[in-house]
2 protein chains.
Amino acid sequence: MAPNVDSELPLVLLSHRGPVSFGRDGDRRTATKGSGGLVTALLGLAEHLSDAVWVCAASSDEDIAIAREAEGRSVQVQTSPQLLLVDEGTTPDDEGRALEVRMIETDPWAHEAFYTVVSNPILWFIQHGLYGLTFAPVLTANEHAAFTDGYVAVNSAFADAVAEEVEARGGRALVMLQDYHFYLVAGDVRKRCPEALLSHFIHIPWPGPDSWRVLPPYMRDKLLLGLLGSDVVAFHTERYARNFVHCCSELLGLRVDLDALTVEVDGRTVYARHYPISVDPAALEAVAATDEVAAHVATLTDTYLASREESGEPEDPPRRLVVRVDRTDPSKNVVRGFLAFGQLLDQHPELAGSVSFLALLQPSRTDVPEYSDYIATIGAVVAEINAKHTRHGQQPIDLRMVEDFPLAVAAYSICDVLMVNALADGMNLVAKEVPVVNERSGVLALSENTGAHEELGAFAVTLYPFDIQQMADGLYEALTMPQADRARLLAAAAAQVRENDVSAWLSAQLRDLDRLRG
Amino acid sequence: MAPNVDSELPLVLLSHRGPVSFGRDGDRRTATKGSGGLVTALLGLAEHLSDAVWVCAASSDEDIAIAREAEGRSVQVQTSPQLLLVDEGTTPDDEGRALEVRMIETDPWAHEAFYTVVSNPILWFIQHGLYGLTFAPVLTANEHAAFTDGYVAVNSAFADAVAEEVEARGGRALVMLQDYHFYLVAGDVRKRCPEALLSHFIHIPWPGPDSWRVLPPYMRDKLLLGLLGSDVVAFHTERYARNFVHCCSELLGLRVDLDALTVEVDGRTVYARHYPISVDPAALEAVAATDEVAAHVATLTDTYLASREESGEPEDPPRRLVVRVDRTDPSKNVVRGFLAFGQLLDQHPELAGSVSFLALLQPSRTDVPEYSDYIATIGAVVAEINAKHTRHGQQPIDLRMVEDFPLAVAAYSICDVLMVNALADGMNLVAKEVPVVNERSGVLALSENTGAHEELGAFAVTLYPFDIQQMADGLYEALTMPQADRARLLAAAAAQVRENDVSAWLSAQLRDLDRLRG
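Residues numbered from 1 in each chain as written. Chains lettered and ligands numbered in written order. Predicted model: local features only at pLDDT ≥ 70, side-chain atom pairs only at ≥ 80, totals over all residues.

1. Description of the sheet that holds strand β15 (residues 355–362) of chain A
Residues and elements named next belong to chain A. Threshold: Paired strands are those between which DSSP finds at least two bridges. Starting at the N terminus, helices and strands are each numbered in turn, a helix being any DSSP run of H or I of at least four residues and a strand any DSSP run of E of at least two. What counts as an axis is a line fitted to C-alpha atoms, over the stretch in contact for a helix, and the angles between N-to-C directions run from 0 to 180 degrees.
Spatial strand order, β16-β15-β14-β17-β18-β19: 6 strands in an open sheet with parallel pairing. The open sheet has two edge strands, β16 (397–400) and β19 (461–463), and neither has a second partner. Taken over all neighbouring pairs, the strand axes of this sheet differ in orientation by 20° on average, direction set aside. The pairing of strand β17 (residues 417–420) with strand β18 (residues 443–447) spans 4 bridges and is classified as parallel.

Structural data, given as structure tokens:
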């Protein structure tokens, strides 16, 4: 999965979660690879280069111990054939690949403010449009302190580390910053390292200027100007890139070009670009081919799809399975998804007993009241629908609060419909995973407010996520679509994903950055 | 107050509330002038023209009786020297002015759906950003029916009436449509009357495309395309006009020019314009000069501003008065306003006992749960602050749930600070009324999210309405500003309002429409 890149510049990566996290098993240090497609993609890139360092937060106690031992330097991590910390004085396995990782320990209070006051509630809520503005947010002295002494301070610490790594490489490096935790880093790094080539990728939606007015100018202007320290600010979709350029015009009064998607600042041109992130089809197929997945497929098929001759109701329509796989984040819109499914069963009672909805939901941020309330509401809605529509002793909705990737892949492969009805979702990779492994001509029922919709909307039934009736109609359309149409849409979606896989995502960015450099 | 207009075209006006509403006092028909600056301004225009008709909803039982008697025709209303219905067969007083009014009776169910399901909750909430998208809105079959059989049907009925009035004038007329109740009228009228010159004025904020995605395309596209039936779509601020043009580009894929603020549709050019509505300074000064206002001024001064020598605390700072006058609409942000005032008293305890906050709040839409909950929260917050900060037996906040314009004008004239901290507000005329009548060098503390801020922000302390701490600091700045600065800002704000009064608002529109015609 090595991306196609000619860059000879050293690479400095920054993300909050790193490629590896360490633990302890008695005397032995253990190492776990970071999860998610982003880590996989960037690891593929970093391993491929002769000089790359990955800056990240020291998350676990063992990470912190290692960061302290390293005294502000990076450590070497062997990534294959086996993940392990390379001790000082030894060299990594000749056959293996290795990577420099610099883990940053920050003041616990500052990190808490940065992470659980600013990044996750405030920035996440603004960028996903989750605030009910009548009552939230209420920004007080507490949020002001969390911004200044938390977000700004932590960003400054990471910017120092990034700048040091750039300076250690003679001041010229490709710097790739990731996501909403670090909007201020590019501005700081540019001041110290004007020769660096800076790119910042934002993995969540970017809303228009109205949404950012929730913050006072001293916060919102600082965030925008920090990002504009980059040469390229990158998003998953053109819509987000356009919103970003609007913000620079409307909130900062900068000169912009909405066709070229550029912003003029301090005599420089900043490019807003979009590169839709994707999945690694080969890796996904490898998971799908495991015995574990096969066992799940057998059980799920038996439970939801096997013919039910003993029911004595031969007129039953064929059994079908709707699947969703999400975190329990309010932005995923699980409650309205179930309301729409309930409406479908109300309006098409012949489907009750033959259509099942398997929801694999990973509990998320359960210490935040909005999130725990949301889980409670999910449970309440599911109980009502199941009480009303259970047939043949089988509940229509099977709600499982688990994170189990092999089970999810099994569900992907046998679902008739995948429901993704997010209010707002930077990309949504589930919508790209299903087409790669589905074997039942599964139909995507996909919210227009996901990044994935820009690529896959033409091969999906579009859902409008606030409209229960429209989503019920959309599910019905997906469930009753002729087989030939289903197969055609799935094949087209799969081809699109395979063509624009995660390696293509990275290569496109690097090509553009190479061009900028020239 | 006759606006400066050369137009020789007949005029057809449309607004939901009309210039007059009828009632009954025994055998006698009574007539009441519609309230608000809009009615006053448009009445001034209509009276001035030789051929003008005002189409509006028949609201009261007596309105409906008159509409039925008129059998689909307009009735003649004498507007001065005395407001009355001119009976058929008689002519209005020679000295008086008269106006044609056509009141429309619609099916009660359709009107209820149009008004209390679509216009006021859905459109109002979207345009003021009031939805907490995690749980609201939930669009069901009920909202679909209310849109199609309510909003669309009622708009169609009003469009028919407007088109008939245009056709009765040979198909050529100036048509001025008002506000969010009638987004579909221009499209329908244009089809029947291609020679008409159509203008639609929107008096509430217009948000960017993200906000409109709350509605499915069949609703949002229809609303936008309806508006684009106009030649001019007009707003209070350039920000709203720009958002509208963005929406046409992003949601409809139309060709737009963001500098010229134009939209190309069906081979025509539609102009998005902004004309900030204003007040009638002379009328306001006349109210301020009444005995009723003088009596209120005396009482309020005695209560809040008279020196309190008997208190035995001669070091007290001079007494000062903060005032707000608002409907209890969540968009007015009353709760955060009081929280900020409470924070001010917490951080500057020397102000408790000398600064009072008089809030005149007009209860609004109390049958809507969000609105009655909001009133309850206002009461809770006020009680807490008063319990904490009462001094010399006087509560810091005097919360009065009243609509009393003379009392409001008295408060305007003696306040030291006017607080307007709306989350979103199309214009906010209170911010324009205070500078005209204030006699204590009152300072405007004005939200950046009001339309008024585009004109008056330079002469005000700007409030960022989600930030309690910033608003507390803003109130402190306004209360402690040197007298010379206060006087200078107030004079500049007053000059701006007098220069751009409501007559100028109307003249600017008519000038542009005349130019378009040429």
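2. Details of the nonpolar core
The condition that has to hold: Residues of type Ala, Val, Leu, Ile, Met, Phe, Trp, Tyr and Cys that are buried and joined through C-beta atoms within 7 Å form what is called a nonpolar core. Partly exposed residues are those whose C-beta has more than 12 but fewer than 20 other C-beta atoms within 10 Å; with 20 or more the residue is buried, with 12 or fewer it is exposed, and the C-beta atoms are placed from the backbone. Residue pairs qualify as contacts under a 7 Å threshold applied to their C-beta atoms, which are placed from the backbone.
With 343 residues, the main nonpolar core has Ala 445 of chain A together with Ala 445 of chain B as its most contacted residues. Residues within four places of Ala 445 of chain A in sequence aside, it is in contact with Val 417, Leu 418, Met 419, Val 420, Ala 460, Val 461, Leu 463, Gly 474, Leu 475 and Ala 478 of chain A.

3. Remarks on the pairing of strand β1 (residues 11–14) of chain A
Residue and element names in this part refer to chain A. Neither face of β1 is exposed, since Leu 11 and Leu 13 on one face and Val 12 and Leu 14 on the opposite face are all buried. Alignment of β1 against strand β8 (residues 174–178), held across 4 bridges, turns out to be parallel. When the bridges of β8 are listed, Val 12 appears paired with Val 175. Alignment of β1 against strand β4 (residues 52–57), held across 4 bridges, turns out to be parallel. Within β4, the position partnered with Leu 13 by the bridge is Trp 54.

4. Section: the relation of the copies chain A and chain B
Worth spelling out the cut-off: When the copies are superposed, the least-squares fit takes in the C-alpha atoms of residues with a pLDDT of at least 70 in both.
Least-squares fitting of chain A to chain B yields an RMSD of 0.0 Å, with the transformation described by 0.0 Å of translation along the axis and a rotation of 180°. Given the turn and translation reported, the copies of this chain are related as if by a two-fold rotation axis. Distance from the rotation axis, computed per C-alpha, reaches its smallest value in chain A at Gly 132 of chain A: 1.6 Å. Interface overlap between copies: 100% of the residues of chain A at the interface are likewise at the interface in chain B, consistent with a symmetric, same-surface contact.

5. Some details on helix α12 (residues 369–389) of chain B
Residue and element names in this part refer to chain B. Applied cut-off: For a helix, the expected span equals 1.5 Å multiplied by the residue count minus one. Along the arc lie the directions from the helix axis toward the C-beta atoms.
With 21 residues, α12 should reach 30 Å at 1.5 Å per residue; the first-to-last C-alpha distance of 30 Å fits that figure. Of all the positions in α12, only Tyr 374, Ile 378, Val 381, Val 382, Ile 385 and His 389 are classed as buried. When α12 is viewed along its axis, its buried side chains cluster within an angular range of 100° and face the same direction. Seen from the open side of α12, the exposed residues pointing more than 90 degrees away from its buried face are Pro 369, Ala 376, Gly 379, Ala 380 and Ala 387.

6. Concerning the confidence of the model for chain A
Residues and elements named next belong to chain A. The following threshold applies: pLDDT expresses, on a scale from 0 to 100, how confident the predictor is about each individual residue.
On average, residues of chain A score 93 in pLDDT, and 95% of them are at 70 or above. Counted against residues more than four places away or in other chains, residues 1–5, with its pLDDT under 50, gives 14 contacts. Interface scoring of the predicted complex returns ipTM 0.92; its pTM is 0.94.

7. A word on the domain arrangement of chain A
Residues and elements named next belong to chain A. Condition: Domain borders in the structure are assigned automatically or taken from a domain database. When residue character is reported, Ala, Val, Leu, Ile, Met, Phe, Trp, Tyr, Cys and Pro are called nonpolar, Asp, Glu, Lys and Arg charged, and the others, Gly included, polar.
Domain boundaries assigned for chain A yield domain 1 (11–104), domain 2 (108–129 + 142–277 + 503–517) and domain 3 (281–499). Using C-alpha coordinates to define each centre, domain 1 is positioned 25 Å away from domain 2. If you look at the interface, domain 1 gives 15 residues, while domain 2 gives 20 residues. Listed by contribution, the elements that provide at least two residues to the side of domain 1 that touches domain 2 are β1, α1 (37–48), β4 and β7 (97–104). When its residues are assigned to classes, the side of domain 1 that touches domain 2 shows 10 nonpolar, 3 polar and 2 charged.

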